[in-house]
Amino acid sequence: MGNTAMSRRRQIYEGKAKVLFEGPEPGTLVQYFKDDASAFNNSKKGTITGKGVLNNRISEYLMTMLAQLGIPTHFVRRLNMREQLVREVEIIPIDLVVRNVAAGSIAKRFGLVEGAPLPRSIVEYYYKNDELGGPLVSEEHITAFGWATTQDLDEMLQMALRINDFLSGLFLGIGIRLIDFRLEFGRLYNNDEMRLVVADEISPDNCRLWDLKTNEKMDKDRFREDLGRVEEAYQEVARRLGILPEGGPADLKGPKTMQ
Ligand code: TMP
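*Asks:* Got a sec to walk through the site of the ligand? Specific residues and values, please.
*Replies:* Taken together, 13 residues are adjacent to the ligand, and Arg-99, Ser-105, Asp-180, Asn-206 and Arg-208 come closest. Here Arg-99 contributes a side-chain N or O atom positioned 2.7 Å from an oxygen atom of the ligand. One nitrogen or oxygen atom from the side chain of Asp-180 is found 2.5 Å from an oxygen atom belonging to the ligand. For the ligand, whose accessible area on its own is 450 Å², the fraction buried by protein is 72%. Tallying contributions element by element places strand E11 (residues 176-190) first for the shell around the ligand, with 3 residues. A breakdown of the residues in the shell around the ligand according to their chemical character gives 5 nonpolar, 3 polar and 5 charged.

*Asks:* So what about the packing of aromatic side chains? Which residues, and what values?
*Replies:* Tallying each qualifying case throughout the model produces 2 aromatic pairs. When the ring of Tyr-127 is compared with that of Trp-147, the centres are 3.8 Å apart and the planes differ by 15 degrees; the resulting orientation is stacked. Remark: Trp-147 occurs in the loop between helix H4 (139-144) and helix H5 (150-172) and Tyr-127 occurs in strand E9 (residues 117-127); sequence separation between them is 20 residues. The same class applies to Tyr-127 and to Trp-147, which are both buried. Here the aromatic cluster, defined as three or more aromatic residues joined through ring pairs, consists of Tyr-127, Phe-145 and Trp-147. The ring of Phe-21 carries the charged tip of Arg-9 above its face, separated from the ring centre by 4.2 Å. Over the aromatic face of Phe-223 sits the side chain of Lys-44, whose NZ or CZ is 5.2 Å from the ring centroid.

Cut-offs applied
For every chain, the first residue of the written sequence is number 1, and numbering continues from 1 along that sequence. Totals for whole chains, interfaces and linings use all residues, but because this is a predicted model, local features are given only for residues with pLDDT of at least 70 and pairs of side-chain atoms are given and counted only at 80 or more. Only hydrogens and water are removed before side-chain values are computed, so all heavy atoms of the structure are retained for them. Working definition: residue near molecule or strand if any one of its non-hydrogen atoms lies within 4 Å of it. Any pair of nitrogen or oxygen atoms within 3.5 Å is treated as a polar contact; in protein, a donor-acceptor pairing is required on top of that, and neighbouring residues in sequence qualify only through side-chain atoms on both sides. Throughout, the Shrake-Rupley method with a 1.4 Å probe supplies accessible areas, and for residues the shown protein chains are the sole cover considered. Elements are defined by DSSP. Helices are runs of H or I of four residues or more, strands are runs of E of two residues or more, and each kind is numbered from the N terminus. When residue character is reported, Ala, Val, Leu, Ile, Met, Phe, Trp, Tyr, Cys and Pro are called nonpolar, Asp, Glu, Lys and Arg charged, and the others, Gly included, polar. The criterion for an aromatic pair is that two Phe, Tyr or Trp rings (for Trp, the six-membered ring) have centres within 6.5 Å, with stacked assigned to planes under 30 degrees apart, edge-to-face to planes over 60 apart and tilted to the rest. Partly exposed residues are those whose accessible area sits between 20% and 50% of the maximum for their type, while under 20% is buried and over 50% is exposed, using a 1.4 Å probe and protein chains only. Put simply, a charge is over a ring when the Lys NZ or the Arg CZ is close to the ring centre, within 6 Å, and near the line of the ring normal, within 35 degrees.

Following this line, the structure appears as structure tokens:
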């Protein structure tokens, strides 16, 4: 990242995998996708070459599909290989995790075998707070501490379940099982009106995706568990979605400078 490019606009926030810049118009932000990866509350760090370019495309594709279903998102349009224009929202400090199959923390918490189907889809809430390691919280905690209202939660839950049905079907169609995924929501104000919209990204960074035939992992667990072929897994998801950037893998490093 060159200094000239960096100083051209104001950086609002830098996260583990993305940077947010002030957007071209009020109420907009530019979301820049990095190749950096982290896991286990930042204790494991690394780089997945081309991840930013792929996640930018994958999230663009999935968010656009959601909008077509009438599920509002913060996504406006993709700007270039690593950036997209999004609406500035007030982030609700709750991560929603939707689970269809036991894996990750739920498997550990309840002693379930990884890959065991759950009796039904389960939605969990986690408080977005890195110092606390993002603790699992209940609706009681969320409403009592004022992180979201009962109505907000109800709306987020309904949207999350619709998104789960839609994404499960979409991935099934390309030979992938949606094991679980994480959603973030934000408040978007329009005059006196407030609506909740899907924010952040939807990509192999925050979904568990397993090959339908082989059960091979095609998501960030390959990085978390040092399974190797991480770049290839992200590429394969994009390829199956039909959105691998033109020029193929050679294009994935993308421009070094930010426009
Ligand atoms: P978990 O099994 O570790 O709780 O993760 C559930 C899903 O949520 C999985 O698809 C990974 C995703 N996730 C995030 O995107 N960010 C996080 O900070 C965590 C803990 C999980």
